[in-house]
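Descriptive analysis of the structure
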Amino acid sequence: MLDRGIYRWWFFGVLVTSVINNVHGNSAPSEWIKAKLESINHPISSAVDIASGAGRHSLLLADKAPNVTAVDGNPELFKYFENTPVRFQCLDLEKEDWPMSGDTFDVVLVSNYLYRPHLRSLIGLVGPNGYLIYETFGVGNERFGKPSNPHFLLRPEELEGSVGNGFMILDEFFGEVTNPHPAVRARLFAQRVES
Ligand SMILES: C[S@@+](CC[C@H](N)C(=O)[O-])C[C@H]1O[C@@H](n2cnc3c(N)ncnc32)[C@H](O)[C@@H]1O
């Protein structure tokens, strides 16, 4: 009887932790993003983590760059950035007027976020010779679960088409993955070559 009670509490704890992790995005960083960041072998001054969640990638960026901004629309995430070198900026990235107009960064990182109406504005955040690291879900992911809304799923070649000729494609991928769980992922690592 006692064992069963303990087991129930343990299960409840695991469940709550997993929900919190999923809500705030503070699970382990993406291995692909880690590898792309590590491949940049010259000094980076500024970087931004777009729709950062709790900052699992912002902190990786902070290992590379002295000026890192994490942007997210959820003000409750501020607490995750206290006592870190990352500056948290609470912005609604989906309001009609692009809220980051005029800003540029050496690295722009986006993970698990898509808002098509501002995709080109977001790409415009990449400064001269700067990098875009983008990884999110792709069309077909609905076979595996959420996100399944086409508004949140990139189409094949969509990122490549959106960056256009001003970028050199360093790595790209669109397809099924099994790790960390089965999904359709779209990935682009590109460097701006024209200002
Ligand atoms: C799936 S989470 C991804 C978090 C993080 N990039 C990661 O991979 O761990 C999506 C994030 O987008 C943010 N978001 C959603 N709508 C937003 C908006 N209109 N403006 C800014 N951030 C938004 C959410 O608050 C959430 O943190």
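As the structure is a computational prediction, the values presented were derived from the model and not from experiment. (Residues numbered from 1 in each chain as written. Predicted model: local features only at pLDDT ≥ 70, side-chain atom pairs only at ≥ 80, totals over all residues.)

**A look at the pairing of strand β6 (residues 167–177)**
Inspection of the sheet shows β6 paired to strand β7 (residues 183–192) by 10 bridges, in the antiparallel sense. Counted as the bridge partner of I169 is A190 from β7. Following β6, the chain reverses through five residues before pairing antiparallel with β7. (Pairing = 2+ DSSP bridges. Helix = DSSP H or I, 4+ residues; strand = E, 2+ residues; numbered from the N terminus.)

**Details of the sheet that holds β6**
Strand order across the open sheet formed by seven strands is β3-β2-β1-β4-β5-β7-β6, with mixed pairing between neighbours. Whereas interior strands pair on both sides, the edge strands pair on one side only; in this sheet they are β3 (86–90) and β6. Averaged over neighbouring strand pairs, the angle between their axes works out to 15° when direction is ignored. When strand β5 (residues 126–137) meets β7, the two strands line up antiparallel, connected through seven bridges. From the neighbouring strand, L132 faces β7, where its bridge partner is A190. Taken strand by strand, helix α2 (residues 31–39) contacts β4 (105–111), β5, β6 and β7, and its axis lies near 165° from that of β5. (Axes fitted to C-alpha atoms, helices over the stretch in contact; angles between N-to-C directions. Contact = placed C-beta atoms within 7 Å.)

**Topic: the pairing of strand β2 (residues 67–72)**
Regular strands place their side chains on alternate faces of the sheet. The buried fraction of β2 is high, at five of six residues. Summarising the sheet, strand β1 (residues 46–50) and β2 pair through five bridges and their orientation is parallel. Directly across from D49, in β2, lies its bridge partner A70. Of the strand pairs in this sheet, β2 and β3 are connected by five bridges, and their pairing is parallel. What sits directly across from A70, in β3, is F88. (Buried ≥ 20, exposed ≤ 12 C-beta atoms within 10 Å, placed from the backbone.)

**Digging into the environment of S46**
If you trace the backbone, S46 turns up in strand β1. Owing to 18 C-beta atoms within 10 Å, S46 belongs among the partly exposed residues under this scheme. Beyond its immediate stretch of four places on either side in the chain, S46 contacts A65, N67, F105 and D106.

**Section: the confidence of the model for the protein**
Across the protein, pLDDT averages 91, with 86% of residues at or above 70. Here residues 10–24 scores under 50 on pLDDT; set against residues more than four positions off or in separate chains, the count is five contacts. (pLDDT = per-residue confidence, 0-100.)

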